[in-house]
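# Topology and contacts: notes
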Amino acid sequence: MFRLSGILIVFVTNHLLRIFLVTQLEIAGRTDIPVAEGSHVTITKGTKLRIADFVHGTDGLGNQNFPPPKGKPIEQSAAEFLIEQASLYPGKVTVVALGPLTNIALAIQSDSSFVKNVGQIVLLGGAFSVNGNVNPAAEANIFGDPDAADLVFTSGADVLAIGLNVTHQVVLTDADRDKLAESSGKFAQYLCKILDVYFSYHHDAYSTKGVYLHDPTTLLAAVDSSLITYVEGVVRVQTVGITRGLTLFYNKQKR
Ligand SMILES: *[C@@H]1O[C@H](CO)[C@@H](O)[C@H](O)[C@H]1NC(C)=O
């Protein structure tokens, strides 16, 4: 079994997410993993208005009211931390981006060697050849900061994007959840608590009997890329108008 030798990078963009991530690490017993706080505004200094509490619960953890975390974020900002780690371990840092791309874009903007130093950027984002999940054009993470996303896609960095057309095929079904509920394992129990909110949201919004595993699929791609097939090409992101956040993919040329 593949084991990640060190995952260091966790980004958060608001208070809610900070609690969410620190709590997760404490439950997993991995308080050795640092948490760096991300930007509270988009790359164009816009307000990050959209918090998907209707998907994740008002506490970001399926409304389970877990005790508040003890841990605190490190002093460095997410972008500073990224820049530092990439220059300490050139070519060895894989960034798994599970939210809007503001912090990565900030790292690219503030350090001209970041693109060269960073390894692969594996990101959850985009709706390629399918409708988005925020509106027909846009997927949620790209929609969160389209200007940052366009900057990342055009930076020349090695980017692996896992879009909705992939993650919608990876479903944790009601039957899977029942199996999980039978387990007495600590993590299984924890997951089952959180999953209620996700299951009811998915039943209502998509009429699916299960939940899409967007973030886990992206992590899986980072850990073992042979599980998924890929096509190579260029991506641009629409930054204005009613199709703001649309990802446009073209695979006829490499640059
Ligand atoms: C997802 O979209 C990309 C880009 O259009 C395409 O190459 C790929 O085959 C699609 N994958 C699936 C599973 O539909």
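Here's a quick rundown of the structure. (Residues numbered from 1 in each chain as written. Predicted model: local features only at pLDDT ≥ 70, side-chain atom pairs only at ≥ 80, totals over all residues. Heavy atoms only, no water.)

### Here's the deal with the packing of aromatic side chains
The full count for this structure, using the stated rule, is one aromatic pair. Judged by centre distance (6.2 Å) and plane angle (75°), the rings of Phe128 and Phe249 are edge-to-face. With a gap of 121 residues between them, Phe128 in the loop between strand S4 (120–124) and helix H6 (140–144) and Phe249 in strand S9 (residues 247–250) connect regions that are remote in the sequence. Here Arg177 stacks its cationic end above the ring of Phe199, 4.0 Å away from the centre of that ring. (Phe/Tyr/Trp six-rings, centres within 6.5 Å; stacked < 30°, edge-to-face > 60°. Helix = DSSP H or I, 4+ residues; strand = E, 2+ residues; numbered from the N terminus. Lys NZ or Arg CZ within 6 Å of the ring centre and 35° of its normal.)

### Describing the site of the ligand
Around the ligand sit Phe128, Ser129, Asn165, Gln169, Val231 and Phe249, and those are all the residues in its vicinity. Side-chain polar atom of Ser129 to an oxygen atom of the ligand: 2.7 Å apart, as the coordinates give it. In this structure, an oxygen atom belonging to the ligand sits 2.3 Å away from a side-chain N or O atom of Asn165. Computed on the free molecule, the ligand has an accessible area of 360 Å², of which 56% lies beneath the protein chains in the complex. Residue composition of the shell around the ligand, by class: three nonpolar, three polar and no charged. (Near = heavy atom within 4 Å. Polar contact = N/O pair within 3.5 Å; in protein donor to acceptor, adjacent residues only side chain to side chain. Areas by Shrake-Rupley, 256 points an atom, 1.4 Å probe, with all protein chains shown as cover. Nonpolar A, V, L, I, M, F, W, Y, C, P; charged D, E, K, R; others polar.)

### Looking at the side chain of Asp145
Along the chain, Asp145 turns up in the loop between H6 and helix H7 (146–153). The contacts of Asp145, once residues within four sequence positions are left out, are Thr42, Ile43, Pro100 and Thr102. (Contact = heavy atoms within 4.5 Å.)

### As for unusual backbone geometry
Not every positive phi belongs to a glycine, and Lys45 is a case in point at roughly 65°. Relative to the elements of secondary structure, Lys45 occurs in the loop between strand S2 (36–37) and helix H2 (53–56). Notably, Ser129 is not glycine yet its phi reads approximately 60°, a positive angle. Of note, Ser129 is situated in the loop between S4 and H6. Given a relative accessible area of 79%, Ser129 falls into the exposed group. (Buried < 20%, exposed > 50% of the residue type's maximum accessible area, 1.4 Å probe, protein only.)

### Notes on the environment of Thr208
As for its placement among the helices and strands, Thr208 is situated in the loop between helix H10 (186–206) and strand S7 (210–212). Discounting residues that sit within four places of it in the chain, Thr208 has contacts with His202 and His203.

### Remarks on the pattern of salt bridges
The tally for this structure, following the rule as stated, stands at four salt bridges. Its salt-bridge partner being Asp32, residue Arg30 comes within 2.9 Å of it at the nearest N-O pair. Classification of Asp32 by relative accessible area gives exposed; the value is 54%. (Salt bridge = Lys/Arg side-chain N within 4 Å of Asp/Glu carboxyl O.)

### Quick notes on the sheet that holds strand S5 (residues 158–162)
Read from one edge to the other, the open sheet built from three strands follows the order S3-S4-S5, with strand pairing classed as parallel. Looking at the sheet topology across the chains shown, the edges are occupied by strand S3 (95–97) and S5. Between one strand axis and the next, the sheet turns through 20° on average, direction left out of account. Relative to S4, S3 runs parallel, the two sharing three bridges. Pairing of Val95 across the sheet is with Ile121, part of S4. (Pairing = 2+ DSSP bridges. Axes fitted to C-alpha atoms, helices over the stretch in contact; angles between N-to-C directions.)

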